[in-house]
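Summary of structural features
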Amino acid sequence: MPKTGKLKICADYYIMLGICLLFIIIAFTLDVPDRIINGFIKIHTSRSVLITDYIALAGIGAALVNSAILVIFNLLILVVTKREANGKVIAALFLTIGFSLFGKNILNTLPIMAGVWMYGKASGKKFSEMAIFAMISTTIAPIVSEIAFLYEDFSIMRFVLAYTTGMFIGFIFPVIADYVKGMHNHYCLYNGGIAGGFIATMFAGFLRSIGIEIIPENLWDTAYTNQLAILAYSIAAVLIFYGIVTDKPKNVIKQYIELLKEKDPDDCDYLTKYHNTCYVNIGIMCIVSTTVMLCLGKPINGPILGGIFTVSGFAACGKHLRNAIPILAGSIIAAHLNHLEFDASVNTLAILFSTGLAPISGKYGWHWGIITGFMHVSIAVFIGDVNGGLNLYNNGFAGSFVAVIILPVILAFKGFYFKMKNK
C-alpha cells in the first residue's frame, strides 16, 4: 500500500469490517441494549480464563459486540500503520473475531499490545512490522484479567500490576515467538499459541508458587446453535460469492485446484498468491468446520464459533480441504476413544484446532495426517492443566509437542522405506 497523506483501506479490510457490522446488527437483533451494556461490562471484569464462553457469561449480544469492537480496533491499527493485508494478517483478524467470543476484550489486550509496540520502538522496528505480533500476542490476555480480577474486591494497585505485567509480556512475546519457530519448522500454524503457552506456563508456575491457585472455567453455552450456525454459513456464502464474482469462474476453479495442491509450509500465503480464490477457500473451510460440528452433535457457541473462525482464517495461510480433512478424521477418532465424554468441551475444541497441524498432512500424506490429528487430541485435552487456562491458543501449544514428536518419526520411517526400496 503506497504511503501517501491519505489513509487507504483495502478491500480485504472492508470485508472484515463488514463481518463486524453484521455482528453488531445481529447482536441488537437477538438482544436488548441494557443487557448488551451490562454484559459488555461483565466481560471486561471477568477472569476470562479457558473456557469462558462470553455468550454464557454475558449474553449473545454482548459477546458479538465485544468481538466486533476489538476487531474494529485492530483494523484501525492496521489502516493507520498502513499495513498491507496478507494471509497472516487475515488469519490474525479471524483469530481476533473468534477469541473475542471467549477470552479477549479491549481491557485485557491493550497492555499486551502496548508492550509489543514498546518492543518495536526499542528494536527500531515500525509498528506496521509488529502489527501481527500485537494481535497474536493477546493469546495470553487472560493473565491480565486473572491478576486484575482474581478477587471480588477491586484494587487499583492490582489493576496497575496487571497492566504492568501485560506490557512486560507484550515486550518479550515477539522474541519468544520468533525463537520457537525452530521447534516445528512452520509445520504448526499456531506459532503464537506456542509462545503464549510457554509464557503462560511460566506465569502460572509463579502464581502457584506464591500460593495463588488458578481455577479454570467451563462456561459453555448451548442455546444459540441455530442462530450461530446460520451466521457462520452466511459469512461463508458471502466470502465464496465474493471470491467468484470478483474474478472469472474458470480462473477461480483453476486457482482453487492449484491451491489444493499447496504443501510447502514455508510458502503458504494464499491471500497474496490467489487473492480472490483465497476467499473461496476461507468460505469452504468455514462451511466444512461448521458442518462437522453439527454432524457430531456439538453446540455452536462462543468457543466453537471461535474455532470455526480460526479454521477459516488460516485458510488464508496454510489450510485447505486436502490437508485439513485427514487431521480432522484423526482427531475425531481420538475424541471418541479417550476416557473423556465425547461432548466434553476440551474434546470438541481439540477437534477443530487440531487443523493447525494441517501442513504435516499436506507434506507427508493423509495417513500421517490421521495419526497427527489423533496425537493432537491426546495431548491437547490435558495440556491446559499446565498453565491453568491462561493461554487462549492452548491447542497451538499442544501442537508444538505433536510436531516435535511426529516430524522426526515421519522422517525416520521415510528413511527406512527408502532403504528397503533400494535394496
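Residues numbered from 1 in each chain as written. Predicted model: local features only at pLDDT ≥ 70, side-chain atom pairs only at ≥ 80, totals over all residues. Heavy atoms only, no water.

1. Considering helix 19 (residues 366-387)
For clarity, the cut-off: Helix and strand labels come from DSSP, where a helix needs a run of H or I of at least four residues and a strand needs a run of E of at least two; each type is numbered from the N terminus. Expected helix span is taken as 1.5 Å per residue step, with the number of steps being one fewer than the number of residues. Bend is the name given here to the angle between axes fitted to two runs of seven residues, the run ending at a residue and the run starting at it. Using a 1.4 Å probe on the protein chains alone, a residue whose accessible area is under 20% of its type maximum counts as buried, one over 50% counts as exposed, and one in between counts as partly exposed.
The end-to-end C-alpha separation of helix 19 is 32 Å, in line with the 32 Å expected for 22 residues at 1.5 Å each. The largest bend along helix 19 measures about 35° and falls at Ala380. Considered for burial, the residues of helix 19 that qualify are Trp368, Gly369, Thr372, Gly373, Met375, His376, Val377, Ala380, Val381, Ile383, Gly384 and Asn387. Gly388 sits one or two residues past helix 19 and shows a positive phi near 65°.

2. Examining empty space enclosed by the protein
Note the cut-off: The pocket and cavity definitions rest on a 1 Å grid over protein atoms only: a 1.4 Å probe that fits but cannot leave marks a cavity, an open set with protein on both sides within 12 Å along at least five of seven lines marks a pocket, and residues lining either have an atom within 4 Å of a point. Grid points are joined across faces, edges and corners, and a volume is the space filled by probe spheres set on the points. Polarity classes work like this: nonpolar for Ala, Val, Leu, Ile, Met, Phe, Trp, Tyr, Cys and Pro, charged for Asp, Glu, Lys and Arg, and polar for all others, with Gly in that last group.
Considering all chains together, one arrives at one cavity of 30 Å³ or more under this definition. Of the volumes computed, that of the largest cavity is approximately 70 Å³. Lining the largest cavity are Leu189, Glu262, Lys263, Asp264, Pro265, Cys268, Tyr270, Gly318, Asn323, Pro359 and Gly362. Among the residues forming the lining of the largest cavity, the class breakdown is five nonpolar, three polar and three charged.

3. Brief notes about the confidence of the model for the protein
The following threshold applies: Confidence of the predictor in every single residue is expressed as pLDDT, which spans 0 to 100. Throughout, a residue-residue contact means that at least one pair of heavy atoms, one from each residue, lies within 4.5 Å.
On average, residues of the protein score 94 in pLDDT, and 97% of them are at 70 or above. Mean pLDDT per element in the protein: helix 20 (residues 394-421) is the minimum at 89, and helix 2 (residues 33-44) is the maximum at 98. Taken together, the stretch residues 1-5 has pLDDT below 50 and engages in eight contacts with residues farther than four places along the chain or on a different chain.

4. Focus: the packing of helix 4 (residues 60-80) against helix 6 (residues 106-122)
Note the cut-off: Angles here are taken between N-to-C directions and fall from 0 to 180 degrees, while the axes themselves are lines fitted to C-alpha atoms, restricted in helices to the stretch in contact. Oblique is the label for any angle not under 35 degrees, not over 145, and not in the 65 to 115 range, which are roughly parallel, roughly antiparallel and roughly perpendicular in turn. Note on convention: near helix rotated counterclockwise from far helix by under a right angle means a left-handed crossing. Clockwise means right-handed.
Viewed as axis vectors pointing N to C, helix 4 and helix 6 meet at an angle of 25°, and their least axial separation amounts to 11 Å. One finds that helix 4 runs roughly parallel with respect to helix 6. When you trace helix 4 past helix 6, the crossing you get is right-handed. Contacts between helix 4 and helix 6 pair Asn66, Ile69, Leu70, Phe73, Asn74 and Ile77 from the former with Ile106, Thr109, Leu110 and Met113 from the latter. Of the residues that constitute the contact of helix 4 with helix 6, the class distribution is seven nonpolar, three polar and no charged.

5. Overview of the side chain of Lys104
Where we set the bar: All tallies of charge rest on Lys and Arg as positive and Asp and Glu as negative; His and the ends of each chain are not included. Note on definitions: salt bridges are taken to be side-chain nitrogens of Lys or Arg within 4 Å of carboxyl oxygens of Asp or Glu. The term polar contact refers here to a pair of N or O atoms within 3.5 Å; inside protein, the definition further demands a hydrogen-donor-capable atom paired with an acceptor-capable atom, and it admits residues adjacent in sequence only when both atoms are side-chain atoms.
In this fold, Lys104 is placed in the loop between helix 5 (87-99) and helix 6. Of the side chains with opposite charge, Asp53 comes closest to the buried, unpaired Lys104, at an N-O distance of 15 Å. Within the local environment of Lys104, its side chain forms a polar contact with the side chain of Thr138, the two groups lying 2.9 Å apart. If near-sequence neighbours (up to four positions away) are discounted, Lys104 is found in contact with Tyr54, Asn66, Leu70, Thr96, Phe99, Thr109, Met135, Thr138, Thr139, Leu392 and Tyr393.

6. A few points about the layout of surface pockets
Rolling a probe over the atoms, with the probe sized like a water molecule, indicates the empty space that remains. Roughly 220 Å³ of internal volume is contained in the second largest pocket. Lining the second largest pocket are 13 residues, with Ile147, Leu161, Phe206, Leu207 and Ile210 sitting closest to its centre. Every element with two or more residues in the lining of the second largest pocket is listed here: helix 8 (141-148), helix 9 (156-184) and helix 10 (191-209). Broken down by class, the residue content of the lining of the second largest pocket amounts to ten nonpolar, one polar and two charged.

7. Remarks on the environment of Ile333
Here Ile333 shows up in helix 16 (residues 321-337). Spatially, the C-alpha atom of Ile333 lies 9.8 Å from that of Ile371, the residues being 38 residues apart in sequence.

8. Thoughts on the packing of aromatic side chains
Keep this limit in mind: Aromatic rings from Phe, Tyr and Trp, with only the six-membered ring used for Trp, were paired whenever their centres fell within 6.5 Å, and each pair was classed as stacked if the ring planes differed by under 30 degrees, edge-to-face if by over 60, and tilted otherwise. A ring is considered to have a charge above it if a Lys NZ or an Arg CZ atom is located within 6 Å of its centre and within 35 degrees of its normal.
Applying the stated rule across the entire model yields 15 aromatic pairs. Residues Tyr190 and Phe314 carry aromatic rings whose centres are separated by 5.1 Å and whose planes lie at 70° to one another, so their mutual orientation is edge-to-face. Of this pair, Tyr190 sits in the loop between helix 9 and helix 10 while Phe314 sits in the loop between helix 15 (302-313) and helix 16, and the two are 124 residues apart along the sequence. Comparing Tyr190 with Phe314, the two get one shared label, buried. Lys298 extends its terminal NZ or CZ atom over the ring of Phe342, reaching a point 3.8 Å from the ring centre.

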